[in-house]
Amino acid sequence: MAETLEDIARQMVAPGKGILAADESTATITKRFDKLGIASTEDNRRDYREMLFRAGDAMKSAISGVILYDETIRQKGKDGTPLVDIIKAAGAVPGIKVDKGTKALPFSPGESITEGLDGLRERLKDYYVLGARFAKWRAVIAIGAGIPSDNCIHANANALARYAALCQEQGIVPIVEPEVLMDGDPATHDIDTCAAVTERTLKEVFAELKIAKVRLEGMVLKPNMVIAGQKCARQASAQEVAEKTVKVLKAVVPAAVPGIAFLSGGQSDRQATENLSLMNAIGGLPWKLTFSYGRALQAAAMNAWAGKAGNVAAGQKAFAHRAAMNSLAAGGKWKADLEKAA
Ligand code: 13P
């Protein structure tokens, strides 16, 4: 397996592949299970994730890496095989979410700061032993009246940079994720507001990464797409999303970064796929553009599985379809009729 930071980062954004974000905290996956009437037990969470990681062909052809949660990286499959080994056997790199979630930012109503730096060096050492070769830290930027504040952008960018430097020191590739929310509340912003806030945020993130001496060749950026807020009356077309996203990224993301892997952020499965495909169809980009989707890769599979052992094949089939569609999108080759054919 690749072992330098640069090799691991390149492997994470290999052509036609992307990242499966399966790192929902227990609270988050419980919310998703609750909606489907699935009991959120440790075994059910394991069975669900094992179903995805054992979707052999889909994993091998479309998934370069899997982001795990602390509980999952320590779990074994039903037959006793560590889940990490199942992921590696599929040719994917195991990764780990290391932030400890968001807390209210003092004196900044509606804004948050991501916590988890205390003791991070020691936790990274443990995760390395458990097999993780990349990590993820998500910062959240909300758009609203008078926000984001400079304080919020600066504090979150600084934390991302401190996290990224610690990861690289420990031989782990950092996924740097500053997420400008599309589904927050209030979220009435239009696409141009999102473009401006995303650009301002990414500029600050790269300035902080530089101060912290993070090597750009050994990281992956995980941004939001430039998109109108879900409650905005004017929703942009997929082509407009693709063009505005690429324009912002070109203005602020150095070419030394090997790859950009988007979050789906509440977009529909199909929207997330189509937008990515149209961006890649623009061509001539200095970095790889791929997916690091949670909901947009998993929602159909979780629905089909619904917590029943008898539905594992159906769940894997639904996952394989989304994985295949997004693999095509990573090459700019997705077509709408491929969705109908399935
Ligand atoms: P979504 O694709 O569901 O936004 O999740 C990706 C992720 O990892 C968010 O941190």
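## Points about the overall build of the protein
A count of helical and extended segments in the protein gives 14 helices and 10 strands. Against the globule reference of 20 Å for 342 residues, the protein gives a C-alpha radius of gyration of 19 Å, in line with a compact fold. The C-alpha extent of the protein, read off along each of the three principal axes, is 50 × 50 × 40 Å. When the 342 residues of the protein are sorted by exposure, 56% land in the buried category. A fraction of 78% describes how many contacts in the protein between residues 6 or more apart in sequence connect residues 24 or more apart. For the protein, the accessible area works out to roughly 13700 Å², and carbon and sulfur atoms hold 53% of it.

## A look at helix 10 (residues 238-252)
With 15 residues, helix 10 ought to run about 21 Å at 1.5 Å a step, and its terminal C-alpha atoms sit 22 Å apart, in line with that. Among the residues making up helix 10, those that are buried are A238, E240, V241, A242, T245, V246, V248, L249 and V252. Structurally, helix 10 contributes buried residues whose contacts are with helix 9 (191-211), strand 8 (220-221), strand 9 (259-262), helix 11 (269-282) and strand 10 (288-293).

## Observations regarding the packing of helix 8 (residues 150-169) against helix 9
At a closest axis distance of 8 Å, the pairing of helix 8 and helix 9 adopts a crossing angle of 40°. It follows that helix 8 is oblique to helix 9 by the angle criterion. Two packed elements cross with a definite hand, and for helix 8 against helix 9 that hand is right-handed. On helix 9, the residues touching D150, I153, H154, A157, N158, L160, A161 and A164 of helix 8 are R200, T201, E204, V205, E208 and L209. Here the contact of helix 8 with helix 9 is built from residues that sort into 7 nonpolar, 3 polar and 4 charged.

## Examining empty space enclosed by the protein
Gaps left between atoms show up when a probe the size of a water molecule is rolled over them. In total, this model carries 1 cavity of 30 Å³ or more according to the counting rule given. The computed volume of the largest cavity comes to approximately 40 Å³. E179, V180, M182, N224, M225, I227, L263, S264, G265 and Q267 together form the lining of the largest cavity.

## Quick word on the layout of surface pockets
Taken as a whole, the largest pocket encloses approximately 1100 Å³ of empty space. Together, 38 residues line the largest pocket, and E24, T28, R32, R138 and R295 are the ones closest to its centre. When contributions to the lining of the largest pocket are tallied by element, the ones reaching two or more residues are helix 2 (26-35), helix 7 (120-130), strand 6 (134-141), strand 7 (173-180) and helix 12 (295-305). By residue class, the composition of the lining of the largest pocket is 10 nonpolar, 11 polar and 17 charged. Considering only enclosed or pocket space, the second largest pocket measures out at about 150 Å³ in volume.

## Topic: the site of the ligand
Taken together, 13 residues surround the ligand, and among them K136, K222, S264, G265 and R295 come closest. At a separation of 2.6 Å, an oxygen atom of the ligand approaches a polar side-chain atom of K222. G294 places a main-chain nitrogen or oxygen 2.8 Å from an oxygen atom of the ligand. A total of 300 Å² of accessible area belongs to the ligand in isolation, and the protein chains cover 92% of it. More than half of the atoms belonging to the ligand lie within 2 Å of the grid points that define the largest pocket. Secondary-structure elements contributing two or more residues to the shell around the ligand are strand 6 and strand 10. Residue composition of the shell around the ligand, by class: 3 nonpolar, 4 polar and 6 charged.

## Considerations on the side chain of N326
Along the chain, the position of N326 falls in helix 13 (residues 312-330). Taking relative accessible area as the criterion, N326 reaches 0% and is therefore assigned buried. When sequence neighbours within four positions are dropped, the list of residues in contact with N326 reads T273, L276, F291, Y293, A296 and L297.

## What to know about the pattern of salt bridges
Under the counting rule described, the total for this entry stands at 24 salt bridges. Across the pair D7 and R10 runs a salt bridge, and its minimum N-O distance is 2.8 Å. Taken together, the positions of D7 and R10, both in helix 1 (residues 5-12) and 3 residues apart, correspond to about one turn of that helix. On the basis of relative accessibility, which here comes to 31%, the residue D7 falls in the partly exposed class. Close ionic contact of R49 with E24 constitutes a salt bridge, the shortest N to O distance being 2.9 Å. Of this pair, R49 sits in helix 3 (residues 42-53) while E24 sits in the loop between strand 1 (18-21) and helix 2, and the two are 25 residues apart along the sequence. Comparing R49 with E24, the two get one shared label, buried. In the salt-bridge network here, residues are joined through shared partners; they are D43, R46, D47, E50, R54, K78 and D79.

Conventions adopted
Residues numbered from 1 in each chain as written. Predicted model: local features only at pLDDT ≥ 70, side-chain atom pairs only at ≥ 80, totals over all residues. Heavy atoms only, no water. Helix = DSSP H or I, 4+ residues; strand = E, 2+ residues; numbered from the N terminus. Rg over C-alpha atoms; globule rule 2.2 N^0.38 Å. Buried < 20%, exposed > 50% of the residue type's maximum accessible area, 1.4 Å probe, protein only. Contact = heavy atoms within 4.5 Å. Areas by Shrake-Rupley, 256 points an atom, 1.4 Å probe, with all protein chains shown as cover. Expected span 1.5 Å × (residues − 1). Axes fitted to C-alpha atoms, helices over the stretch in contact; angles between N-to-C directions. Parallel < 35°, antiparallel > 145°, perpendicular 65-115°, else oblique. Left-handed = near helix turned anticlockwise from the far one by under 90°. Nonpolar A, V, L, I, M, F, W, Y, C, P; charged D, E, K, R; others polar. 1 Å grid on protein atoms, 1.4 Å probe; cavity = no way out; pocket = protein on both sides within 12 Å on 5 of 7 lines; lining within 4 Å. Points joined across faces, edges and corners; volume = space filled by probe spheres on them. Near = heavy atom within 4 Å. Polar contact = N/O pair within 3.5 Å; in protein donor to acceptor, adjacent residues only side chain to side chain. Sits in = over half its atoms within 2 Å of the grid points. Salt bridge = Lys/Arg side-chain N within 4 Å of Asp/Glu carboxyl O.

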